[in-house]
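Topology and contacts: notes
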Amino acid sequence: MIGLENAGVRRGRWIFSDVSFAVEPGQTLAVLGPNGRGKTTLIKALAGLVPLAAGRRIAPPLIGYVSQAIGSDIPYRVLDVVVMGRALRLGLFGAPGAADYRAALDALEQVGAAQFAERPFDRLSGGERQIVLLARALATGSSALVLDEPASALDLAYQNRLLAVLRDLKTAGRHAILFSTHLPQHALSVADDALLMMDAASHVVGPVRTVLDETNLTALYGLPVRRLSLSIDSGGTIEAVVPMFGGVYA
Ligand SMILES: Nc1ncnc2c1ncn2[C@@H]1O[C@H](COP(=O)(O)OP(=O)(O)OP(=O)(O)O)[C@@H](O)[C@H]1O
């Protein structure tokens, strides 16, 4: 399980306070909020990289973490970047063995990026790097995945791949997953719950379909947002989140 209990982080001022949630294995929580609201800070606090000024963090010793930073000037082979996810299992002086490389390759296959295995990481595009770093997080074998805007550089096909990977992991039921996103559709597509960071002192957490309503989305982003449920000919419904840009819903 991963979570926070009455947690807060201060950086001169409170970035967030009194945040509580718990994500069990098999569950996914999406974190949403405008730029600068504290999503990365919260994720880093959950990953143990930023100290809490209040409350407590609940997390296993090893977390599969993908940061927002996807740049690298180091010409490592992609497979070696992914195998670095095994590092904490290997200890200080351990070298990766065949089983670790197998796990790294499996993770690359799982995210649809095995074709990059032999390429230098620094020559991949931003989106290709982002999907490789997801593979590195998976290769840790951790039961907790904490992903900071994992889709920010992905095209529609890779977004679909990412969401499919998250859905498969959820079905398998072994991972507690938390990801931040600026795309409410991604939250609706794969998350069970959502945490909306409204401002430093208030947040909303609950079932994704309940909390991502028009009132909350409009308050969160400070512009009108419609949430539409459209029936489609082939059966089922489409859940659409439609913001108003320049006076027009688009
Ligand atoms: N190391 C730091 N020292 C002081 N303030 C910081 C530091 N890192 C971030 N902040 C501030 O904390 C606030 C939250 O930043 P954070 O990166 O968590 O936001 P975010 O919601 O992830 O934003 P975005 O959607 O733009 O990535 C911002 O006001 C930012 O300027």
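Residues numbered from 1 in each chain as written. Predicted model: local features only at pLDDT ≥ 70, side-chain atom pairs only at ≥ 80, totals over all residues.

As recorded in an unreviewed UniProt entry, the protein chain goes by the name ABC transporter, listed as coming from Methylocystis iwaonis. Per UniProt, the protein chain has the following entry under Sequence similarities (unreviewed entry): "Belongs to the ABC transporter superfamily." (UniProt positions renumbered as here; feature names shortened; annotations may be inferred.)

**So, the overall build of the protein chain**
Check the secondary structure of the protein chain and you find nine helices and twelve strands. Relative to a compact globule of 250 residues, whose C-alpha radius of gyration would be 18 Å, the protein chain shows 19 Å and is just as compact. For the protein chain, the spread of C-alpha atoms along the principal axes amounts to about 55 × 50 × 35 Å. Of all 250 residues assigned to the protein chain, the portion counted as buried reaches 39%. The contacts of the protein chain with a sequence gap of at least 6 include a subset with a gap of at least 24, amounting to 62%. (Helix = DSSP H or I, 4+ residues; strand = E, 2+ residues; numbered from the N terminus. Rg over C-alpha atoms; globule rule 2.2 N^0.38 Å. Buried ≥ 20, exposed ≤ 12 C-beta atoms within 10 Å, placed from the backbone. Contact = placed C-beta atoms within 7 Å.)

**Observations concerning the site of the ligand**
Taken together, Arg-11, Ile-15, Gly-33, Asn-35, Gly-36, Arg-37, Gly-38, Lys-39, Thr-40 and Thr-41 make up the full set of residues adjacent to the ligand. Top contributing element to the shell around the ligand by residue count: helix α1 (residues 39-46), with three residues. Of the residues in the shell around the ligand, the class split is one nonpolar, six polar and three charged. (Near = placed C-beta within 6 Å. Nonpolar A, V, L, I, M, F, W, Y, C, P; charged D, E, K, R; others polar.)

**Points about unusual backbone geometry**
Excluding glycine, residues mostly have negative phi values, and the peptide bonds linking residues are mostly trans. Positive phi values are uncommon outside glycine, yet Asn-6 reaches one of about 50 degrees. Following the sequence through the fold, Asn-6 ends up in strand β1 (residues 2-11). Under the C-beta neighbour-count criterion, Asn-6 is labelled exposed, with 12 such atoms within 10 Å. Unusually for a residue other than glycine, Glu-149 sits at a positive phi of about 45 degrees. Counting through the fold element by element, Glu-149 comes out in the loop between β6 (144-147) and α6 (156-172). Of the residues examined, Glu-149 has 22 C-beta atoms within 10 Å and is grouped as buried.

**A look at helix α4 (residues 98-110)**
The end-to-end C-alpha separation of α4 is 18 Å, in line with the 18 Å expected for 13 residues at 1.5 Å each. All of the buried residues along α4 are Asp-100, Ala-103, Ala-104, Ala-107 and Leu-108. Looking down the long axis of α4, one finds its buried residues gathered within 140 degrees of arc, a one-sided arrangement. Exposed and oriented more than 90 degrees from the buried face of α4 are Ala-98, Ala-99 and Arg-102. Against α2 (78-83) and α5 (126-139) lie the buried residues of α4. Backbone geometry just downstream of α4 places Gly-112 in the positive-phi region, at approximately 75 degrees. (Expected span 1.5 Å × (residues − 1). Arc of directions from axis to C-beta.)

**Re the sheet that holds strand β5 (residues 64-66)**
Sheet strands line up and pair through hydrogen bonds in the backbone, either parallel or antiparallel. Strand order in the open sheet formed by six strands is β5-β6-β7-β3-β8-β9, and the pairing between neighbours is mixed. The open sheet has two edge strands, β5 and β9 (202-207), and neither has a second partner. Neighbour-to-neighbour, the strand axes of this sheet turn through a mean angle of 10 degrees, independent of strand direction. Bridge analysis of β5 against β6 gives three bridges, and the strand direction is parallel. For Tyr-65, the partnering residue across the bridge sits in β6 and is Val-146. Those strands touched by α1 are β3 (28-32), β6, β7 (176-180) and β8 (193-199), and its axis lies near 155 degrees from that of β7. (Pairing = 2+ DSSP bridges. Axes fitted to C-alpha atoms, helices over the stretch in contact; angles between N-to-C directions.)

**Side note on the nonpolar core**
In terms of nonpolar packing, the biggest core is built from 71 residues, with Val-82, Val-132, Ala-135, Val-146 and Ala-194 touching the most fellow members. Ranked by residue count, the leading element in this core is α5, at eight residues. If sequence neighbours within four positions are ignored, Val-132 has contacts with Val-78, Val-81, Val-82, Ala-113, Phe-116, Phe-121 and Leu-124. (Core = buried A, V, L, I, M, F, W, Y, C linked by C-beta atoms within 7 Å.)

**Observations concerning the packing of α4 against α5**
Angle between the axes and distance between the axes: these two values describe a pair of packed helices. Where α4 meets α5, the axes come as close as 8 Å, and the angle between the chain directions of the two elements is 130 degrees. Between α4 and α5, the interaxial angle falls into the category oblique. As α4 packs across α5, the resulting crossing turns out to be right-handed. Here Ala-103, Ala-104, Ala-107, Leu-108 and Gln-110 of α4 lie close against α5, whose contacting residues are Ala-135, Leu-138 and Ala-139. In the contact of α4 with α5, the residues fall into seven nonpolar, one polar and no charged. (Parallel < 35°, antiparallel > 145°, perpendicular 65-115°, else oblique. Left-handed = near helix turned anticlockwise from the far one by under 90°.)

**Observations regarding the pairing of β7**
Here β7 lies mainly inside the structure; five of its five residues are buried. By the alternation rule, side chains of β7 split into Ala-176, Leu-178 and Ser-180 and Ile-177 and Phe-179, which are all buried. By the bridge criterion, four bridges tie β3 to β7 in an arrangement that is parallel. Along β7, the bridge assignment pairs Leu-29 with Leu-178. Bridge count between β6 and β7: four bridges; the pairing is parallel. What sits directly across from Val-146, in β7, is Leu-178.

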